[in-house]
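# Coordinates in review
Residue-level listing of the chains:
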Amino acid sequence: MDLSKLPKLSNSPAPPVESDGPKVTSSDAPLPPNTNKPTANYSSAAGPYVAAEVWISVGLGLLLLCFYPNTVKYTHGKLTGTVPGIYIDPTPGVPLGTKCDYINWLDNAGNFLRKEMYRDRWDFWSDLAISSFSLVLIIDGIVMALARQPRVIAVLLFLTIAATLGNLIYLLKTLDQGFANVSAFAVVIGGYIAMTQWARLKMLSPQGNARA
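Since the structure is predicted, the reported quantities are computational estimates derived from the model, not experimental observations. The residue numbers shown here count from 1 along each chain, following its written sequence. pLDDT decides what is reported in this predicted model: residues at 70 or higher carry local features, side-chain atom pairs at 80 or more are listed and counted, and totals for whole chains, interfaces and linings draw on all residues regardless. The basis for every side-chain value is the complete set of non-hydrogen atoms in the structure, without hydrogens or water.

Every axis in this analysis is a line fitted to C-alpha atoms, fitted for helices over the stretch in contact. Angles between the N-to-C directions lie between 0 and 180 degrees. Put simply, DSSP H or I for four residues or longer makes a helix, DSSP E for two residues or longer makes a strand, and each gets a number counted from the N terminus. It is the contact of helix 4 (residues 150–173) with helix 5 (residues 181–204), at a shortest axis distance of 9 Å, that shows an interaxial angle of 160°. The orientation of helix 4 with respect to helix 5, classified from their angle, is roughly antiparallel. Relative to helix 5, the crossing made by helix 4 is left-handed. Only Asp, Glu, Lys and Arg are considered charged in this grouping, and only Ala, Val, Leu, Ile, Met, Phe, Trp, Tyr, Cys and Pro are considered nonpolar; every other residue, Gly among them, is considered polar. Per-class residue counts for the contact of helix 4 with helix 5 are 17 nonpolar, seven polar and one charged. Under this scheme an angle from 65 to 115 degrees is roughly perpendicular, one under 35 degrees roughly parallel, and one over 145 degrees roughly antiparallel; angles in between are oblique. Crossings are classed by handedness, with left-handed meaning an anticlockwise turn of the near helix from the far one by less than a right angle and right-handed meaning a clockwise turn.

Dropping the structure here:
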């Protein structure tokens, strides 16, 4: 018998045996677990947005210090042992434009009544509140650009709340003398900054990463 004339068998695999159970298609197959679960990472935030926040925070802080430099002058004078140049010196005979850290009170006839030092005036507390808030703005911008540690942001949050409360206290204490516009501005902006810092702190905390 010539076997070469018989039809050749195919090498294709046998078709699967159908069972009575439900058919499983490729679309019904379980997906593998996603090992690339995103975690909260402040450093991956939108770059242009963060850069704009840094620019505004640092720039506004520097501008406020330029407009209200008396606290810096007073601190520098105390550290270096020099007289802080805050007011025009009223002493007769001194060169024109000489600065000092006090003012003289005179009566209607021009007679001397008393000397009042800068540290004893409301000006001191106003400048201190605004300068503290200015420094917080500058530090906040630096932290946004460089720092990612929750402890650093927690300390900055404390400083922001302290500076904001300082301006609020000054604002309320001096209402009878007029409305402190800059301190009111510091209260509003300081509250916003504190809320954003709190959000950053929660984002960087281990609990925040676990929930992400």
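Here the focus is the environment of P206. Counting through the fold element by element, P206 comes out in helix 6 (residues 206–211). The class for P206 is exposed, based on a relative accessible area of 62%. In this structure, the C-alpha to C-alpha distance between P206 and P150, residues 56 residues apart in sequence, is 9.7 Å. For each residue, the accessible area found with a 1.4 Å probe, counting protein chains only, is set against the maximum for its type, and the residue is called buried under 20%, exposed over 50%, and partly exposed in between.

Here T174 is to be found in the loop between helix 4 and helix 5. Contacts are assigned to residue pairs with any non-hydrogen atoms lying within 4.5 Å of each other. In this structure, T174 is in contact with W122 and A180, ignoring residues within four places of it in sequence.

Once that is clear, we can look at the pattern of salt bridges. Throughout this description, the term salt bridge denotes a Lys or Arg side-chain nitrogen within 4 Å of a carboxyl oxygen of Asp or Glu. All chains considered together, the criterion is met by three salt bridges. One salt bridge connects E116 with R121, and the closest N-O pair in it is separated by 3.0 Å. Both residues of the pair, E116 and R121, belong to the buried class. The shortest N-O distance in the salt bridge between R200 and D140 comes to 2.9 Å. Pair noted here: R200 is in helix 5 and D140 is in helix 3 (residues 122–146), with a separation of 60 residues, a long-range link. Classification of D140 as buried rests on a relative accessible area of 3%. The structure contains a network of salt bridges with shared partners spanning E116, R121 and D123.

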